[in-house]
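Chain by chain, the residues run as shown.
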Amino acid sequence: MNWTHTRRLRVDPNHPEPDLIATAAHAVREGRLVAFPTETVYGLGANALDQHAIARIFVAKGRPATDPLIAHIASLDQLPDLALDIPQLAIDLGKRLWPGPLTLVLKRHPRVPANLSAGRDTVAARMPDHPVATALIQSAGTPIAAPSANLFTHPSPTTAEHVLHDLNGRIDLILDGGPTHIGVESTVLDLTGSVPTVLRPGGVPLETLRELIPTVAVAHRILSADESAASPGQLLKHYSPSAQVILFTGPVAPVLNRMRDTAQQLLAAGKAVGILTVDDERDHFADLPAHLFPLGPLSDLPAIARHLFTGLRELDSRGVSVILVRDVGHEGLGLAIWDRLFRAAEGRVIDVGA
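Rules used in this analysis
All chains use their own residue numbering, which begins from 1 and follows the written sequence. Per-residue local features are limited, in this predicted model, to residues with pLDDT of at least 70; the limit for side-chain atom pairs, both in listing and counting, is 80 or more; totals at the level of whole chains, interfaces and linings are taken over all residues. Water and hydrogen atoms play no part in the side-chain values, which are based on all heavy atoms of the structure. Secondary structure counts use DSSP, requiring at least four H or I residues in a row for a helix and at least two E residues in a row for a strand, with both numbered from the N terminus. Using C-alpha atoms as the atom set, the radius of gyration is obtained and then compared with a globule rule of 2.2 Å times the number of residues to the power 0.38. Here's how the labels work: a residue is buried when its accessible area is under 20% of the maximum for its type, exposed when over 50%, partly exposed in between, all with a 1.4 Å probe on protein chains only. The contact criterion used is simple: two residues touch if any of their non-hydrogen atoms lie within 4.5 Å. Surface exposure here means Shrake-Rupley accessible area, sampled with a 1.4 Å probe, where a residue is shielded only by the protein chains that are shown. With a 1 Å grid laid over protein atoms only, a set of points is called a cavity when a 1.4 Å probe fits there but cannot get out and a pocket when it is open yet has protein on both sides within 12 Å along at least five of seven lines; lining residues have an atom within 4 Å of a point. Grid points are joined across faces, edges and corners, and a volume is the space filled by probe spheres set on the points.

Visitor: So what's going on with the overall build of the protein chain? Residues and values would help.
Guide: On a plain count of helices and strands, the protein chain comes out with 9 helices and 17 strands. In terms of C-alpha radius of gyration, the protein chain reaches 20 Å, essentially the compact-globule figure of 20 Å for 354 residues. In terms of principal-axis extent, the alpha carbons of the protein chain reach across some 60 × 50 × 40 Å. The 354 residues of the protein chain split such that 57% are buried. Excluding contacts between residues fewer than 6 apart, the proportion of contacts in the protein chain whose partners are at least 24 apart in sequence is 70%. A total of about 13,800 Å² of accessible surface is found on the protein chain, and carbon and sulfur atoms cover 51% of it.

Visitor: Which residues make up the environment of Glu207, and what values go with them?
Guide: In this fold, Glu207 is placed in helix H6 (residues 206–212). The class for Glu207 is partly exposed, based on a relative accessible area of 30%. C-alpha separation for the pair Glu207 and Leu333, spaced 126 residues apart in sequence, amounts to 9.6 Å.

Visitor: Account for empty space enclosed by the protein, naming residues and giving values.
Guide: Following the criterion strictly, the structure yields 4 cavities of 30 Å³ or more and no others. Within this model, the second largest cavity holds a volume of roughly 60 Å³. As for the second largest cavity, its lining consists of Met259, Leu276, Thr277, Val278, Glu281, Phe285, Leu295, Ile304, Val325, Arg326, Val328 and Leu341. Broken down by secondary-structure element, the contributors of at least two residues to the lining of the second largest cavity are strand E14 (273–277) and strand E16 (322–326).

Right under this line is the structure:
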């Protein structure tokens, strides 16, 4: 693949300029790659009905063909362009939770290229809640395939700077609409089986789905890189910085003590150590010669989610070799945060007993 010069267009995130959107939409229609902000993370967009444009996404990201993409729409009227035999539940969920961070897995329409869905007969679709994304999809006149705009397995991008760090020269255009406001990807809900099943926790909490679907299940399977997935985000290694991540879980006081002991041992061994910490617990590590990144108050899970990938990238940029972090529970957005940290750590979890 011949790499290109990446243009960066700064757009108003609330009222995107029509001429800038038109430029990006023209690029999408021509089969080129355009990164753009959604409410979750930045997406790397291409025409979801153009198999050659979709193939360019996989090459630019270094993403295996077994990892499917999500197609983004701007209205429920576009869903039949992507899916067949759409169940009433999908329509009801779309009316209740779209636009928003919910992806639905449905039966794929034959017009949708197979490489969008890793060769499976399903398709993942969502309607993003961001003025720039909506305007781009509408102007392009087609659903837009858009995984996160980063190199495969790297932490997802929540700013245009993150996109440029990973993909400068590999994509055609970035619409810079400032930082995203959720910071973790969408929840993926599979509606093709007998029981609606969450394949990836995300921006719509499980509790919200259970209010609407009391029988909803959660899949816990971890796939290998050569297995075809129904949803992105199911591989063990994902969202990973260059530094090794170690995730701690258990009662708070023992966990903090174990993290501090681990940090001291690593520092004594000459390692550069980074610690992702909630604001409330920063003082526990303040006297250590470690690199700290505050995620936000423990009581503010949306803030922690919003800062998570930025923190991983920032500590990487400081040259740390190990990043320590504790889990913040599985309630609300905590489940999505746990999932991202578990995969960033490639399953390296230290369970500290009471």
